[in-house]
Amino acid sequence: MAAALKSICLLGLIVLVSIVRLERVDAAGECGKSSPDNEAMKLAPCAEAAQNEKAAVSASCCAQVKKIGQSPSCLCAVMLSNTAKSSGIKPEIAITIPKRCNIANRPVGYKCGRES
């Protein structure tokens, strides 16, 4: 169960990166006053959808992805969080969640982490 929750969080992060508009969060950290690990936990409803591209994406998953996706920097921080890393989700499937949720304005090309 914990592995599935972590997978959902990671999936949510990947999905958010693909749908996020390039905006900055005017708060203490990338995700405002919440930690990236806490935000990752909010993506638990996305766990199954992040591991199986044929799994239905729940309305609660789509709502969280849309909410977190408003800040690309938060989404990146969530994807790079310890919670997301230990979740075991499949990034190549997780990235499809925004499209599967029919979220409009899904920007592509936003990069997380350091570029070499």
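Everything here concerns the structure above.
Computed from a prediction, not measured in an experiment: that's the story for all the values here. (Residues numbered from 1 in each chain as written. Predicted model: local features only at pLDDT ≥ 70, side-chain atom pairs only at ≥ 80, totals over all residues. Heavy atoms only, no water.)

Caption draft 1: Spatial organisation of the overall build of the protein. Helices and strands together make up the secondary structure of the protein, namely eight helices and zero strands. Ordered by position from the N terminus, the helices and strands of the protein form the series α-α-α-α-α-α-α-α. By the burial criterion, 42% of the 116 residues in the protein qualify as buried. The long-range share in the protein, meaning contacts at least 24 apart out of those at least 6 apart in sequence, stands at 87%. Summed over its atoms, the accessible surface of the protein is roughly 6500 Å², and 51% of this surface lies on carbon and sulfur atoms. (Helix = DSSP H or I, 4+ residues; strand = E, 2+ residues; numbered from the N terminus. Buried < 20%, exposed > 50% of the residue type's maximum accessible area, 1.4 Å probe, protein only. Contact = heavy atoms within 4.5 Å. Areas by Shrake-Rupley, 256 points an atom, 1.4 Å probe, with all protein chains shown as cover.)

Caption draft 2: Just the state of the cysteines, in detail. Scanning the entire structure with this criterion turns up three disulfides. Put simply, Cys 31 and Cys 74 are joined by a disulfide, and their sulfur atoms are 2.1 Å apart. As the torsion about the S-S bond is roughly 100°, the Cys 31-Cys 74 disulfide counts as right-handed. Taken together, the residues Cys 31 in the loop between α1 (2–19) and α2 (36–41) and Cys 74 in helix α5 (residues 72–79) connect sequence positions 43 residues apart. A residue is classified by how much of its surface remains accessible, and Cys 74, at 5% relative accessible area, is buried. Across a sulfur-sulfur distance of 2.0 Å, Cys 62 and Cys 101 are joined as a disulfide pair. Sign of the S-S torsion, about -85° for the bond between Cys 62 and Cys 101, identifies this disulfide as left-handed. In this pair, Cys 62 sits in helix α4 (residues 59–68) while Cys 101 sits in the segment after α8 (97–100), placing the two residues 39 residues apart along the sequence. Both residues of the pair, Cys 62 and Cys 101, belong to the buried class. (Disulfide = S-S within 2.5 Å.)

Caption draft 3: Examining α4 more closely. Those residues of α4 lying buried are Cys 61, Cys 62, Val 65 and Ile 68. Each buried residue of α4 sits inside an arc of 140° when the element is viewed along its axis, so together they form one side. Residues of α4 that are exposed and angled more than 90 degrees away from the buried face: Ala 59, Lys 66 and Lys 67. (Arc of directions from axis to C-beta.)

Caption draft 4: The arrangement of unusual backbone geometry in detail. A positive phi is found at Asn 102, a non-glycine position, where the angle reads about 60°. Mapped onto the elements of the fold, Asn 102 is located in the segment after α8. Judged by its relative accessible area of 66%, Asn 102 falls in the exposed class.

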